[in-house]
Amino acid sequence: MDKHLLQKLPKIELHRHIEGAFHPETLFHIAMKNQLDFPSNFHEFKNTLQFPKDSKPDFALFLSKFYNKWYNSLDDVYTVVYNSFVHLDNNENLFYSEIRFNPFHFAIHQGFDPVETLKVFLMAARSAIRATKQNTKLLMTINRGFYPEDKYIEVFQQFMKHVDLLDVVGIDLAGDEVNFPPEHFTKFFNLIQSYGYPCTIHAGEVTSAGQIWTAIDQLHAKRIGHGVKVIEDSQLLHYVKEKGIAFEMCPISNYQTGAYIDTKTHPIKSLLEQGVKVTLNSDDPTVQNTTLVDDYIACVDQMGMNLENLHTLNTNAINASFLTNKEKTQLYNQFNMQWNKTIY
Ligand SMILES: [Zn+2]
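What you are looking at is a predicted structure, and each value in this text was computed from that prediction instead of being measured. (Residues numbered from 1 in each chain as written. Predicted model: local features only at pLDDT ≥ 70, side-chain atom pairs only at ≥ 80, totals over all residues. Heavy atoms only, no water.)

Let us look at the pairing of strand β6 (residues 221–226). Burial analysis of β6 places 5 of its 6 residues in the buried class, the great majority of the element. Note that the unit made of strand β5 (residues 199–203), helix α10 (residues 210–217) and β6 has a crossover that is right-handed. Handedness of the crossover joining β6 and strand β7 (residues 246–249) through helix α11 (residues 234–243) is recorded here as right-handed. (Buried < 20%, exposed > 50% of the residue type's maximum accessible area, 1.4 Å probe, protein only. Helix = DSSP H or I, 4+ residues; strand = E, 2+ residues; numbered from the N terminus. Right-handed = clockwise from strand over helix to strand, strands pointing away.)

Listed below in structure tokens is the structure:
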């Protein structure tokens with residue numbers, strides 16, 4: 001299939017972390033301004049930010065790229081967030097996206113107040129989304145391992161009281177799933193459910209399918225981040241189909257972290273053929289040195305997907321998005337019009 005066509009296709013993306021999708025030129029500017037210990041040559045700087053193209057899978061190396069010491073002030077937070085949202089669509093043709101952010105990433109290193117930091121984050125993200133007319137909603141990420149559960153509950157309640165979260169359409173649990181399994185966050189996600197937020201949980205990426213069961217049954221997950229291990233548990237496969245649980249899969253990220261040893265044997269195509277609601281996403285394009293188009297290319301070139309497969313991945317994503325039913329129907333119609341215009 002023509003690469004140019006893959007680039008032009010309209011795309012629905014549900015799983016991208018803004019902390020993994022920062023605008024490199026802006027980070028370079030901030031690093032130099034704040035005299036951080038980074039190379040003063042942009043090309044070398046960019047190499048230190050990104051997972052090396054020729055590297056073998058390496059989870060520790062991948063995680064080491066999520067540096068959080070950029071910010072000397074909330075102005076720095078504003079600048080990084082605004083520019084990263086302005087440059088969000090890197091020639092990918094995002095038609096609708098749900099971008100997740102971890103407010104603690106921006107607040108924790110310099111000890112900024114989480115409520116004030118979140119307000120600045122939202123101001124920057126919203127201005128950029130408005131300026132570029134992107135169809136984008138936000139998901140808030142809770143990162144395993146930053147704080148104990150009770151502290152998250154306390155801060156989240158402050159957010160609910162003091163911040164307008166109108167365009168935050170869901171909550172995500174991310175980070176180190178090996179040392180912080182989902183059952184550590186049951187109380188928090190019961191609270192989230194009582195507020196009416198749907199949630200997506202990173203599970204079964206580098207751990208077993210057991211975490212996917214827990215994420216669904218105890219944390220009320222409607223979607224699973226990655227969840228590649230679902231393929232190893234036939235009972236779970238049956239369960240997720242019955243419950244309509246969606247999977248946000250990211251083949252290139254899964255290769256780099258070692259969740260899957262190569263993109264050819266990635267389970268996304270097999271799951272799609274078995275009728276599981278899978279979606280295709282980039283995860284952390286800046287860290288990975290990729291764009292969402294590269295994941296489309298991997299699906300076509302290495303797994304043999306056709307246009308119909310790609311269309312199903314996108315309609316699955318519309319269906320699994322955290323929009324209202326009315327918004328989903330509208331998006332579905334607009335998306336199909338754009339898709340047909342692109343392929344014919
Ligand atoms: Zn992720």
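Moving on from the model shown.
Now for the coordination of the zinc ion. Protein ligation of the zinc ion involves His15 (NE2), His17 (NE2), His202 (NE2) and Asp283 (OD), the donor distances falling in the range 2.1 to 2.6 Å. Given 4 donor atoms and angles of 79 to 170 degrees at the metal, the environment of the zinc ion is assigned as irregular. All donors to the zinc ion come from one chain, and their sequence spacing reads H-x1-H-x184-H-x80-D. With respect to burial, His15 and His17 carry one shared label: buried. (Donors = N, O, S within 2.8 Å, 3.2 Å for Na, K, Ca; no water. Tetrahedral: all angles 85-135°; square planar, octahedral: opposite > 155°, others 65-115°.)

Moving on: empty space enclosed by the protein. Applying the stated criterion across every chain yields a total of 1 cavity of 30 Å³ or more. Taken together, 13 residues make up the lining of the largest cavity; nearest its centre are Glu19, Phe22, Leu27, Lys65 and Val287. Along the lines of polarity and charge, the residues of the lining of the largest cavity split into 8 nonpolar, 3 polar and 2 charged. (1 Å grid on protein atoms, 1.4 Å probe; cavity = no way out; pocket = protein on both sides within 12 Å on 5 of 7 lines; lining within 4 Å. Points joined across faces, edges and corners; volume = space filled by probe spheres on them. Nonpolar A, V, L, I, M, F, W, Y, C, P; charged D, E, K, R; others polar.)

What follows covers the layout of surface pockets. A volume near 430 Å³ is recorded for the largest pocket. In this structure, the largest pocket is lined by 21 residues; those nearest its centre are Leu63, Phe66, Asn143, Ala174 and Gly175. Contributing elements (two or more residues each) for the lining of the largest pocket: α4 (59–63), β3 (136–144) and β4 (168–175). Broken down by element, the residue count for the lining of the largest pocket peaks at 3 residues, all from α4. Taken together, the residues of the lining of the largest pocket break down into 6 nonpolar, 10 polar and 5 charged.

As enumerated under the stated definition, the model contains 12 salt bridges in all. Put simply, Glu273 and Lys269 hold a salt bridge, and the shortest N to O gap is 3.3 Å. Placement of both Glu273 and Lys269 in helix α13 (residues 268–273) is noted, with a separation of 4 residues, approximately one turn of the helix. Sharing partners across several salt bridges, the network here consists of Glu98, Arg100, Asp172, Arg223 and Glu248. (Salt bridge = Lys/Arg side-chain N within 4 Å of Asp/Glu carboxyl O.)

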